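Summary of the model geometry
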Amino acid sequence: MYLNCHSYYSLRYGTLSEVELLNLAIEHKQDCIALTDINNTSAGLNFVRRAKEKNVKPILGIDFRNGNQQCYVSLARNNEGYLELNNFLSKHLHDKTPIADKAPHFKNVYTIYAFERAMELDKTTFSEHEFIGIGPKDLNRLRFSKYSAYKDKLVLLLPVSFNSKRDFNVHRLLRAVDTNTLLSKLPLEEQGSPDEYMLPTEKVKAVFAEYPYILKNTEDLLQACSIDFDFSPKRPSQNLKTVLGSSDSDFKKLKELCDKGLSERYEKVTPTIVERLEKELSLIKKQDFVAFFLINWKIIEYARSKNYFYVGRGSGANSIVAYLLRITDVDPIELDLYFERFMNEYRLNPPDFDIDFSTWDREDVTRFIFEEFGQNGQAALLGSYVTFQHSGAVRELGKVFGIPKHEIDKLSAGNYSLQNLDNLSRLTLKYAAILHERPNYLSIHAGGILISDRPIHYFSATHLPPKDFPTVQFDMHIAEDVGLFKFDILGQRGLGKIKDAIEIVKTNQPEAKLLDIHNPKPLFKDANINAMIARAECIGCFYVESPAMRMLLKKLEVDNYLLLVAASSIIRPGVAKSGMMREYILRHRNPKRRNEGHPVLQKIMPDTYGIMVYQEDVIKVAHHYAKLNLGEADVLRRGMSGKYRSRKEFKAVKKKFRDNCISAGEPEAIVDEVWRQIESFAGYAFAKGHSASYAVESYQSLYLKCYFPLEYMVATLNNGGGFYRAETYVHEARLNGAQIEAPCINFGLIETSIKGKTIYLGFKHIDSLEQKTMLKIINARVQGLFKSYDDFIERVPLSIEQLDLLIRIDALRSLGKDKRSLLWEAYYKENTIPKNELQQSFFRESMNDYILPKFSITDLENAFDQLELIGFPLYDPFILLEQQPDSNLVTADLKNHLEKVITIYGYLVTLKNTRTSKGDRMFFGTFLDRAGQWLDTVHFPPIAKKYPFHGRSIYKLTGKVVTEFDFITLEVIAMQRMAYVPDPRFDATYNRKENSNPTPSFILLNKE
């Protein structure tokens, strides 16, 4: 009898999950209820799935509202009616238009107008599918209204949004958050009614005892509705079924493409290759995944036609068909990739293809997909939910309670003593805990796109986020449940770096011969690249530049492609957490230790010394060690992360894993240890094909870094850097022989540019310099270089504030005057000569050339200007110190001081904040020493607490030099942040003449 139930996907209104609603229905002996969220369908599919499990008949509908004003409640008679509702809601969400007062003429939908609303509209005519909703509070008025004669149109309308007084309080808080209003000032019209509870059936029947026809009409309406989606384990795929019009045509095309790819990819087609291809094609056809491969192929063909750089990864990289179609550049034969990770007869979902594009190319590829496959509403971006987290919930609730900002900051950071909190602060924390992980608003999945055989509105309404592509209102887990499998189109800066670097090389070194990086196999054998990896000189290169990766490359002695593939997965949190990263290094460096592994695991995974490194290792262990079938093993793999872990399918397989091992005679302690390893890392490890894809891109970037380091660093800077700040990449370019120049009006560009070995930082690096200023400079320079200050300001009229930035960063140095003279001239003319930026000068005015004293400007003053305007000095940062270091030790010396306590100075580059197993905070530091080389430190909890970091600066570090696997680290025992000199630009005592000699940078010190 409940036709108007809200879940918490009635965002910032409802308080119950869809499962809690179903449990309430069972508690109140309701065998059928309707979910009608407010202008939202996020919970619809999962509601239907869970209702089936609980033997409750589900009905889906929508509570259409403008703000908090209900227009009407509409229920889908069937799946076609749900499609109608979703079409209608989506149009309003896309167009951002209000819901009409009266519902359109739906064909397969029942619409209910609340009694009060019908009265307001003075609605007197009702179609066959329209009704009037009556609640207990309407009965007295019904007796004396015209609607008392509409007996066949009256149904119960009992909204359900809460289950307790606490829920209603949560609701009011959510409404206050949504309306950005203090709770004390929240208008009643913005709230739901306090009586939106599910009442006992007997009580409802008693209230409506005089109106049995209302109860019967309601029951008839419920019985007339029916909706169904297939969530069974063998559900059919709902993805687009054919690309060329028929399954036969699709398969014929797929085979033709594979035959063509064989001759392009392999010099010699061996029987092993042919056998693998035939095996894959047979299973792809059997599992009905042909269209899935062809869609990915079409996407790649479009990208290749536009010369877009991309990387195909995911479990699909285990496939030779994907390799032949150029979806990936990973050869599964060469790497002996596990076929069953890619596909097996138990697998119901297609393999994962994560296809990365540069950020700029990705938008156009997405547009192509929607134009190619979404013409009939069959494509949509995948949604996701942004949930309330502790900090955000505290801030939102603190505001609606009226708590001052500084107190909210303390509550959010956990900087408080519970016993000292006032009542409002306690309430804030209490309700923040209640809101934790509940949906706040809809967002977009990182890169998932759905391409459905049916119109996407068959499953969900869509909204239109800023990307302007329709987006479904459910997440990837629900999509998979119903048989919709996403295509992942992702953005990645690394590809932009590679693409731009190649173009920069062609411009800066037109005679250079570039290898085809889309054919990576020659790169794997390049001795220079492999030697560079072994030295861990990978700054700027995809996935291998971080301090942790630099450490692993050295410890593991990585000097080839296959070992880099392993390293790409070992570095993932799961393997490290399980303790197996260290064990892998030990077994790699000491072959005798490999014999200590479990013999069964050694046999299953000989290439990784019996250690689980890749996702497919979970499948191998589950299948060969625990004797699970491949389907059960894949459930285990998928269940290791996220929402899937709690499902009953996963729990059943987990139990079977243990039971099978113990019944086979395996000791419980060993079984539990194997399970611990699986559980600790499976959700955070890569498939081997995925790791191989990453390693391919690493080699592509390493090739450019090895042979064209300056061009590659310029591309890195222009693509937002990578793991580090821009300063690190400038430093790396200088290490490789570049002359670094500040931005320049005559030779610089908006982006960083290079000519020969001279790199000009782009104007975009200057803090507060406006985009229009940059464009004015570039456009004016088309007429020729600027010859004087007067020439510049005539052709590029700017505010004095913008001029000041350019002069102080020395961007006008090519005009032949020092920047103090230019600043004097700029401010003098600003204050004495009338200017009108909009007025064009027809005759060049004669400007007096003022004779000024010769100004002395030191490197230190320039360094402080650079620190202010671009965020870092282009000089050795050690010149900023108030007192020069009393130790000359550098990183290269540490090998001679092992197990000794030393003092060394380092310029902080980056810091990793982590916690021990006991929850204590500790740090891993990465510094540059005085010679410009890397210095790695570890700060254990007592030291981390006693000597905290105070921002980016130079630190005096005292510690013990230790080594593990030939990687040297300083275990810090004391640390002091060194003071910088007073800013000489504002220091009246600063002697410019004494400090006018140029100071060599630490790069030069390194080369001496």
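Residues numbered from 1 in each chain as written. Predicted model: local features only at pLDDT ≥ 70, side-chain atom pairs only at ≥ 80, totals over all residues. Heavy atoms only, no water.

1. Some remarks on the overall build of the protein
- When helices and strands are tallied, the protein shows 41 helices and 22 strands.
- Taken against the 2.2 N^0.38 rule, which gives 30 Å for 1008 residues, the C-alpha radius of gyration of the protein at 34 Å falls within 12% of a compact globule.
- Put simply, the protein has 1008 residues, and 56% of those count as buried.
- When the accessible surface of the protein is totalled, it reaches about 44,300 Å², and 51% of it is carbon and sulfur.
- Averaging the positions of the 133 positive and the 128 negative side-chain charges in the protein gives two centres separated by 2 Å. (Helix = DSSP H or I, 4+ residues; strand = E, 2+ residues; numbered from the N terminus. Rg over C-alpha atoms; globule rule 2.2 N^0.38 Å. Buried < 20%, exposed > 50% of the residue type's maximum accessible area, 1.4 Å probe, protein only. Areas by Shrake-Rupley, 256 points an atom, 1.4 Å probe, with all protein chains shown as cover. Lys, Arg positive; Asp, Glu negative; His and termini not counted. Charge placed at Lys NZ, Arg CZ, Asp CG, Glu CD.)

2. A word on the sheet that holds strand 15 (residues 739–741)
- The three strands are arranged 15-17-16 in an open sheet whose pairing can be described as mixed. Across the chains shown, the open sheet's two edge strands, defined by having one partner strand only, are strand 15 and strand 16 (753–755). On average, adjacent strands in this sheet sit at an angle of 25° to one another, irrespective of strand direction.
- Here strand 16 pairs with strand 17 (residues 758–760) via three bridges, running antiparallel. Paired with Ile754 across the two strands is Ile759, which belongs to strand 17.
- The sheet contacts of helix 33 (residues 709–718) involve strand 16 and strand 17, and relative to strand 16 the element is tilted by about 160°. (Pairing = 2+ DSSP bridges. Axes fitted to C-alpha atoms, helices over the stretch in contact; angles between N-to-C directions. Contact = heavy atoms within 4.5 Å.)

3. Overview of the confidence of the model for the protein
- Taken residue by residue, the protein gives an average pLDDT of 91. The fraction at 70 or more is 95%.
- Contacts for the low-pLDDT stretch residues 837–847, under 50 throughout, to residues beyond four places or in other chains number ten contacts.
- Confidence drops under a pLDDT of 50 for residues 1003–1008, and excluding neighbours within four residues, the segment shows eleven contacts in the predicted structure. (pLDDT = per-residue confidence, 0-100.)

4. What about the nonpolar core?
- Formed by 108 residues in total, the largest nonpolar core has its most connected members in Phe792, Leu806 and Leu812.
- Setting aside residues no more than four positions away along its own chain, Leu812 makes contact with Ile745, Tyr789, Phe792, Leu806, Ile807 and Leu822.
- Residues Met1, Tyr9, Leu22 and Leu139 belong to the second largest nonpolar core, which totals 69 residues. (Core = buried A, V, L, I, M, F, W, Y, C linked by side-chain atoms within 4.5 Å.)

5. Side note on the packing of aromatic side chains
- Counted by the stated rule, this structure contains 49 aromatic pairs.
- A ring pair is formed by Tyr625 and Phe657, whose centres lie 6.4 Å apart and whose planes are at 55°; its orientation type is tilted. You can see Tyr625 sitting in helix 28 (residues 615–625) and its partner Phe657 sitting in helix 30 (residues 648–663), a full 32 residues away along the chain.
- Ring geometry for Phe657 and Trp675: centres 5.2 Å apart, planes at 55°, overall tilted. In this pair, Phe657 sits in helix 30 while Trp675 sits in helix 31 (residues 668–681), placing the two residues 18 residues apart along the sequence. For the pair Phe657 and Trp675, one class covers both residues: buried.
- An aromatic cluster is defined as three or more aromatic residues linked by ring pairs; in this entry it consists of Phe64, Tyr72, Phe88, Phe106 and Tyr113.
- Seen from the ring of Phe126, Lys123 lies directly overhead, with NZ or CZ sitting 5.2 Å from the centre.
- The ring centre of Phe131 lies 4.9 Å from the NZ or CZ of Lys153, which sits over that ring. (Phe/Tyr/Trp six-rings, centres within 6.5 Å; stacked < 30°, edge-to-face > 60°. Lys NZ or Arg CZ within 6 Å of the ring centre and 35° of its normal.)

6. Focus: the pattern of salt bridges
- The full count for this structure, using the stated rule, is 66 salt bridges.
- Here Lys146 and Asp122 are joined by a salt bridge, their closest N and O atoms 2.3 Å apart. Note that Lys146 is positioned in the loop between helix 5 (139–143) and strand 7 (154–156) and Asp122 in the loop between helix 4 (115–121) and strand 6 (130–134), a separation of 24 residues in sequence.
- For Lys146, a relative accessible area of 35% puts it in the partly exposed group.
- Residues joined in a network through salt bridges with shared partners are Asp804, Arg808, Lys819, Asp865, Glu868, Asp983 and Arg985. (Salt bridge = Lys/Arg side-chain N within 4 Å of Asp/Glu carboxyl O.)

7. Considerations on unusual backbone geometry
- Of note in this structure, Lys627 is not a glycine but carries a positive phi near 60°.
- The topology assignment puts Lys627 in the loop between helix 28 and helix 29 (630–638).
- Positive phi outside glycine occurs at Phe965, with the angle close to 55°.
- With relative accessibility at 15%, the residue Phe965 sits in the buried group.

8. What about the state of the cysteines?
- This structure, assessed with the given rule, holds zero disulfides.
- Cys225 takes part in no disulfide bond, and the closest cysteine sulfur, belonging to Cys32, lies 7.6 Å away.
- Residue classification places Cys225 among the buried positions, given a relative accessible area of 0%.
- The structure places no disulfide on Cys541, whose sulfur is separated from the nearest cysteine sulfur, that of Cys538, by 5.7 Å. (Disulfide = S-S within 2.5 Å.)

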